Amino acid sequence: MKYSCAWLSDYVDLPPTANELAARLTAAGFSVEHQETVGTDTVLDIEVTTNRVDAMCHFGLAREVATLYDRPLRSPAASLTEDPEPTAGAITLHLDHPDGARYAARIIRGVTVAPSPAWLVERLAALGLRSINNVVDVTNYVLWELGQPLHAFDLATLGGATIRVRRARAGEELVTLDGQKRALDPDVLVIADAERPIGLAGVMGGLETEVTATTRDVLLESAHFNPKAVRRGARKLGMHTDASHRFERGADPGACAAALDRAAHLLQELAGGRVLAGVADARFVPEQSWLLHGTLDLARLVRFLGVDVAAQQVECWLAGLGFELTPAGEGRYTVTVPTWRYYDCHPLRPSGEVWEADLFEEVARLHGLDAIPSTLPRLVGAEPPASVAVRRRRVVKSYLAASGFAEAINFAFHDPESAQALPCLRPGSPPLALANPVSDRYSVMRRSLSVGLVENGRFNQRRGAGSVRLFEVGAVFVERPGERFPQEIETVGLIAGGVVGSPWQGGRSLDFHDVKGVLETLAERFGRRLEARPAVLPGLLEGATAELSLDGRSAGYLGRLAEEGSFALFLAELELEALGEPPAAQRVTTPSRYPAIEADLTLNHPLEVSWAQLEVAIREGASPLLVAFELKDRYQGPGLRPGTVNSTLSFRYVAEDRSLTQEEVNHNQEALAARLAETLGATRS
């Protein structure tokens, strides 16, 4: 919002430079975004927050400057020479709906509509406004001076000398000042005469009643409308004006008469004419209803700020902003809020009192937030322990980062097609559609982390990355029948592929077993055993895809993406809760001081017996002396019975208290081979 420094100086003495003023205003909550020189004037572009409608005008900002610098504030001249004829006798006002909270009007007869003087044209031009004529320019001037929107009607065009604030009727139309014909309905609040609508309340006037070169008698409107009603009507019609911008946010309900007096003063000076006596003023609610009250406790204020502020300084600052303070004893005050801060300070408390924190905020920003020292709050008691979910997440992220994976963070929603093209942990649950998606591309909640990770992997491939190793920890969302909110399941997803290491280092391609090994080691950190069984899943290559389980519980999947890129990508996802509670501390096992003995065993078994089944059977029947085993070789072909395969396994035995003999190892091998033959039909080969 633009402000002219020359205009501001009419009401308060400004500091020597615009830079100093800009810095002080920014520190007080009015961020100066830009400065511009217009002729001999400096125009400030200031970000005014939506709650501070009182400062969306020059006099309102001047009030802030006067308070910041403790300088006197000069009010605009509003002296009038009134004609004996009363305004109330020349116009009749009716408020038919409570959304028209107040409507005030003045009448000036015998005006001369002409071009505005140079000073007025220049003031408006500095803000980017075009001059129209002296009457209309005065209404715009007062808007930017006092923040109260005004409108001027050609009195001769009004039917029945009547103004009525009401809801539009179905089928009514109005041609607004911009020349557009607007179809109205009961959602729109209008200003009407005795015959038809003549203006959109708080938004724009009608073309048929505008002030023209032939206008002689003018009716000045200064009103207050329900902000929600103005917002609803403006949005319904797709309109936004300087007036609606203020009314939608809550203009000053007590400024109507003062703004009329100021405008009438300027019109009498610039356009001549006779100002009729008094103001016609209709109100739906009494003026007292716009006066808010609260209490201020200086001791609580000091505790809130963390710095000592003198009572006299607090009184000076708040009085400068228009708050009335009445001492109530023991460092307490009863505070009356000015009408121009009615919507900013409007209480939502059952007691109806203004929030004390709102008053604290005013003192804090005027004192200067930079002047309040930064201190850490004093903590009482010990920090509560982290939850199981938090500790589990930390262990997973730390381990994967140490394994060479970088963390990715993706949106929690994507498009429906991608959701169906890749695997997920709950395939039977339909994707949850968003009620208000930002686009079709992000219209359903994710059931899996796979969509985002695959996009990350392809993105890196397209930009020439030699390898990809990414992980993501996040929630996926699954519908719960009969429940209002979906179930959130925390999972970890991985994607990897490409060549790691340089040719000099003996670089090699990442494969299925690399990702599987990472997940197996992660499971071991939690005391769990990961099993992989062949599976067929959407988007993954058949024969290179596995379902993952932890201690027999289905927990995820792993596989190679069917769609090929510059190198193969392997995708995995695991439900974190299945990992259980993380270990309290890393355990270190001291290796035996005695030598180990290794022995091989070749088994012939049916082809459908998987490595996971062999592993389970070996662990269940192994001697305590067996510390490790692995698959050494696998053969299928001539010399074997159809449908069978030879698997050669290597076993490692060691004792903690002695050196083992070959006889002990052979005995254990024989017992293990007998158990495998009994449980899996595996015979020694």
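Refer to the structure printed above.
Residues numbered from 1 in each chain as written. Predicted model: local features only at pLDDT ≥ 70, side-chain atom pairs only at ≥ 80, totals over all residues. Heavy atoms only, no water.

Observations regarding the packing of aromatic side chains
So, step 1. Scanning all chains against the criterion turns up 11 aromatic pairs.
So, step 2. The interplanar angle of 85° and the centroid separation of 4.9 Å between the aromatic rings of Tyr 342 and Tyr 343 together place this pair among those described as edge-to-face.
So, step 3. On the accessibility criterion, Tyr 342 (11% relative accessible area) is buried.
So, step 4. Since its relative accessible area comes to 29%, Tyr 343 is described here as partly exposed.
So, step 5. Consider the rings of Phe 411 and Phe 413, whose centres lie 5.8 Å apart with planes at 5°: the pair is stacked.
So, step 6. The exposure class of Phe 411 is exposed, given its relative accessible area of 55%.
So, step 7. Residue placement shows Arg 246 over the ring face of Trp 144; its charged tip is 4.7 Å from the ring centre.
So, step 8. Lying over the aromatic face of Tyr 594, Arg 593 brings its terminal NZ or CZ to 5.1 Å of the ring centre. (Phe/Tyr/Trp six-rings, centres within 6.5 Å; stacked < 30°, edge-to-face > 60°. Buried < 20%, exposed > 50% of the residue type's maximum accessible area, 1.4 Å probe, protein only. Lys NZ or Arg CZ within 6 Å of the ring centre and 35° of its normal.)

Quick look at the sheet that holds strand β18 (residues 324-329)
So, step 1. Ordered by their spatial adjacency, 3 strands build an open sheet running β17-β19-β18, and the pairing between neighbours is antiparallel. Of all the strands in the sheet, just β17 (292-297) and β18 have a single pairing partner and so form its edges. Ignoring which end each strand starts from, the neighbouring axes of this sheet average 25° apart.
So, step 2. Across the sheet, helix α12 (residues 356-367) lies against β17 and β19 (332-337), angled at about 70° from β17, the strand it touches most. (Pairing = 2+ DSSP bridges. Helix = DSSP H or I, 4+ residues; strand = E, 2+ residues; numbered from the N terminus. Axes fitted to C-alpha atoms, helices over the stretch in contact; angles between N-to-C directions. Contact = heavy atoms within 4.5 Å.)

Overview of helix α15 (residues 450-462)
So, step 1. End to end, α15 covers 18 Å across 13 residues, agreeing with the expected 18 Å (1.5 Å per residue, within 8%).
So, step 2. What α15 keeps buried is the set Ser 450, Val 451, Gly 452, Leu 453, Val 454, Asn 456, Gly 457, Arg 458 and Gln 461.
So, step 3. Its buried side turned inward, α15 meets β21 (413-414), α14 (416-421), β23 (467-478), β24 (487-500), β28 (553-561) and β29 (569-575).
So, step 4. Phi turns positive one or two residues past the end of α15, at Gly 464, with a value near 85°. (Expected span 1.5 Å × (residues − 1).)

What to know about the environment of Arg 249
So, step 1. With respect to the helices and strands, the residue Arg 249 is situated in the loop between α8 (242-247) and α9 (256-270).
So, step 2. A relative accessible area of 26% places Arg 249 in the partly exposed class.
So, step 3. Distance in space between the C-alpha atoms of Arg 249 and Asp 344 is 9.0 Å, their sequence separation being 95 residues.
So, step 4. Discounting residues that sit within four places of it in the chain, Arg 249 has contacts with Thr 50, Val 53, Met 56 and Tyr 343.
So, step 5. Among the polar contacts made by the side chain of Arg 249, one reaches the main-chain carbonyl oxygen of His 245 at a distance of 2.8 Å. (Polar contact = N/O pair within 3.5 Å; in protein donor to acceptor, adjacent residues only side chain to side chain.)

Looking at the sheet that holds strand β2 (residues 31-38)
Two pairing modes exist for strands in a sheet, parallel and antiparallel, and in both the strands are linked by backbone hydrogen bonds.
So, step 1. The strand order across the open sheet built from 3 strands is β1-β3-β2, with neighbouring strands paired in antiparallel fashion. Strands at the two margins of the open sheet, each flanked by one partner only, are β1 (2-4) and β2. The mean angle between the axes of side-by-side strands here comes to 25°, regardless of whether they run parallel or antiparallel.
So, step 2. As paired elements, β1 and strand β3 (residues 41-47) share 3 bridges and run antiparallel to each other. Within β3, the residue paired with Lys 2 across the bridge is Asp 45.
So, step 3. Of the strands in this sheet, β2 and β3 are in contact with helix α2 (residues 18-27), which crosses β2 at around 160°.

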